[in-house]
Amino acid sequence: MKHKQYSENEILDVLAQVEAGTAVGDVARLSGVSKATIHRWQARYGGMTKDDAKRVRQLEEEIRRLKKLVADLALDNSILKEVVGRKW
């Protein structure tokens, strides 16, 4: 059975229905997911707006780029230390 991958916007729409007062079971049935999935989404995205989710996604991308940059600089630093440490 193939599972559908929900986008953050779709997840936030489902959670908005739950926050509006609709029963979790009804929302789960309408959206085609289990109650446990909705509770897991609430733990991760609870109280988040679409703008917040977009900002989190941008920050995660920035963190990924910075980690790569630090790794490259650490490699360059170790290479330079190795070159300087040699006896000519």
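Criteria and thresholds
- Residues numbered from 1 in each chain as written.
- Predicted model: local features only at pLDDT ≥ 70, side-chain atom pairs only at ≥ 80, totals over all residues.
- Heavy atoms only, no water.
- Salt bridge = Lys/Arg side-chain N within 4 Å of Asp/Glu carboxyl O.
- Helix = DSSP H or I, 4+ residues; strand = E, 2+ residues; numbered from the N terminus.
- Buried < 20%, exposed > 50% of the residue type's maximum accessible area, 1.4 Å probe, protein only.
- Expected span 1.5 Å × (residues − 1).
- Contact = heavy atoms within 4.5 Å.
- Core = buried A, V, L, I, M, F, W, Y, C linked by side-chain atoms within 4.5 Å.
- UniProt positions renumbered as here; feature names shortened; annotations may be inferred.
- Axes fitted to C-alpha atoms, helices over the stretch in contact; angles between N-to-C directions.
- Parallel < 35°, antiparallel > 145°, perpendicular 65-115°, else oblique.
- Nonpolar A, V, L, I, M, F, W, Y, C, P; charged D, E, K, R; others polar.
- Arc of directions from axis to C-beta.

Draft legend 1. The arrangement of the pattern of salt bridges in detail. What the rule picks out here adds up to four salt bridges. Where Arg64 meets Glu61, a salt bridge forms, and the shortest distance between an N and an O atom there is 2.5 Å. Taken together, the positions of Arg64 and Glu61, both in helix α4 (residues 50–85) and three residues apart, correspond to about one turn of that helix. Its relative accessible area of 46% is what places Arg64 among the partly exposed residues.

Draft legend 2. Fine view of helix α1 (residues 8–19). Compared with an ideal rise of 1.5 Å per residue, which puts 12 residues at 16 Å, α1 spans 16 Å between its outermost C-alpha atoms and is within 8% of the ideal. Among the structural elements, α2 (24–31), α3 (35–45) and α4 are those in contact with the buried residues of α1. Backbone geometry just downstream of α1 places Gly21 in the positive-phi region, at approximately 115°.

Draft legend 3. Seen up close, the side chain of Ser31. Tracing the sequence through the fold places Ser31 in helix α2. With relative accessibility at 18%, the residue Ser31 sits in the buried group.

Draft legend 4. Geometry of the nonpolar core. Formed by 13 residues in total, the largest nonpolar core has its most connected members in Ile11, Leu15, Ile38, Trp41 and Tyr45. Put simply, the parts of the chain that give this core at least two residues each are α1, α2 and α3. The element contributing the most residues to this core is α1, with five residues. The contacts of Ile38, once residues within four sequence positions are left out, are Val14, Leu15, Val18, Val24, Val27, Ala28 and Val33.

Draft legend 5. Structural detail: the UniProt feature "coiled-coil region" (unreviewed entry) in the chain. Taking the numbering used here, the UniProt-annotated feature "coiled-coil region" (unreviewed entry) corresponds to residues 49–76. Helix makes up 96% of residues 49–76 and strand 0%. Its end C-alpha atoms lie 41 Å apart.

Draft legend 6. Region of the structure containing the packing of α2 against α3. Two elements in contact, α2 and α3, have axes whose closest approach is 9 Å; the angle formed by their N-to-C orientations is 105°. Classified by the interaxial angle, the pair formed by α2 and α3 is roughly perpendicular. In this structure, α2 contributes Val24, Gly25, Val27 and Ala28 to the contact, and α3 contributes Lys35, Ile38 and His39. Here the contact of α2 with α3 is composed, by residue class, of four nonpolar, two polar and one charged.

Draft legend 7. Molecular detail of α2. Residues Val27, Ala28 and Ser31 constitute the buried set of α2. What you see down the axis of α2 is that its buried residues fit within an arc of 100°, all on one side. Counted as exposed and oriented over 90 degrees from the buried face of α2: Arg29 and Leu30. In this fold, the buried residues of α2 make contact with α1 and α3. Of the residues trailing α2, Gly32 is marked for its positive phi of about 80°.

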